[in-house]
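# Close look at the chain arrangement
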Amino acid sequence: QVQLVESGGGLVQAGGSLRVSCAASPRTFSSYYMGWFRQAPGKEREFVAGISWTGGTTDYTDSVKGRFTISRDNAKKTVSLQMNSLKSEDTAVYYCAARSNVRVEYEFWGQGTQVTVSS
C-alpha cells in the first residue's frame, strides 16, 4: 500500500510562484512513477505532470509547460511541483499520484491540496 500526503498549497497572486510537495510512505518509492493531477471546480480531474522512477524523464500537459517543474527526491521519498507564473486558471485541488509502471493507470492518490490563484 502506498500512502501519499500533499502539502504546500495556498493562496497566491497571479504571476506568483508556489511549490507543492508530496511525501510517500513505501520503502520502494523509487520504483513508482509519480504524477501530479488537478481538479478545478466543476471540471474533471486532469493530468498536470509526471516523472519517471529516476527522474530522468518528465512530461507535462501543454498548459503548464515552461511554467511548472516536477522533481523527485528518492532518498527523501518526496515529489514536488514547482509552479511559476501562476494564472487564475491554475486554481484547483492538486493531487499527487503513483503507479507501478507506465502501462497501468495511476493506482494511489493523495488527499489533495488546494491552490488558489487570485487575479
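## Details of the state of the cysteines
- Scanning all chains against the criterion turns up one disulfide.
- The side chain of Cys-22 participates in a disulfide bridge whose partner is Cys-96; the two sulfur atoms lie 2.2 Å from each other. Taking the torsion about the S-S bond as the criterion, the Cys-22 to Cys-96 disulfide, at about -80 degrees, is left-handed. You can see Cys-22 sitting in strand 3 (residues 18-24) and its partner Cys-96 sitting in strand 9 (residues 92-99), a full 74 residues away along the chain.
- Classification of Cys-96 by relative accessible area gives buried; the value is 0%.

## Notes on the pattern of salt bridges
- Summed over the entire model, instances satisfying the criterion amount to four salt bridges.
- We note a salt bridge from Arg-38 to Glu-46, for which the minimum N-O separation is 2.6 Å.
- What makes Arg-38 buried here is its relative accessible area of 5%.
- On the basis of relative accessible area, Glu-46 is assigned to the partly exposed category, the value being 32%.
- With a shortest N-O distance of 3.0 Å, Asp-62 and Lys-65 are connected by a salt bridge.
- If you follow the salt bridges from partner to partner, you end up with Arg-38, Glu-46, Arg-67 and Asp-90 in one network.

## Details of the side chain of Arg-99
- Note on placement: Arg-99 falls in strand 9.
- Buried charged residue Arg-99 carries no salt bridge. Nearest counter-charge: Glu-105, at 5.9 Å.
- In terms of polar contacts, Arg-99 uses its side chain to reach the backbone carbonyl oxygen of Val-102, at 3.5 Å.
- Those residues in contact with Arg-99, other than ones at most four positions away along the chain, are Tyr-32, Tyr-33, Val-104, Glu-105, Tyr-106 and Glu-107.

## Here we look at the environment of Leu-81
- Relative to the assigned elements, Leu-81 resides in strand 8 (residues 78-83).
- A residue is classified by how much of its surface remains accessible, and Leu-81, at 0% relative accessible area, is buried.
- Taking C-alpha positions, Leu-81 is 7.6 Å from Trp-36, a pair spaced 45 residues apart along the chain.
- Among residues more than four places away in sequence, those in contact with Leu-81 are Leu-18, Arg-19, Val-20, Trp-36, Val-48, Ala-49, Phe-68, Thr-69, Ile-70 and Tyr-94.

About the criteria used
- Residues numbered from 1 in each chain as written.
- Predicted model: local features only at pLDDT ≥ 70, side-chain atom pairs only at ≥ 80, totals over all residues.
- Heavy atoms only, no water.
- Disulfide = S-S within 2.5 Å.
- Helix = DSSP H or I, 4+ residues; strand = E, 2+ residues; numbered from the N terminus.
- Buried < 20%, exposed > 50% of the residue type's maximum accessible area, 1.4 Å probe, protein only.
- Salt bridge = Lys/Arg side-chain N within 4 Å of Asp/Glu carboxyl O.
- Lys, Arg positive; Asp, Glu negative; His and termini not counted.
- Polar contact = N/O pair within 3.5 Å; in protein donor to acceptor, adjacent residues only side chain to side chain.
- Contact = heavy atoms within 4.5 Å.

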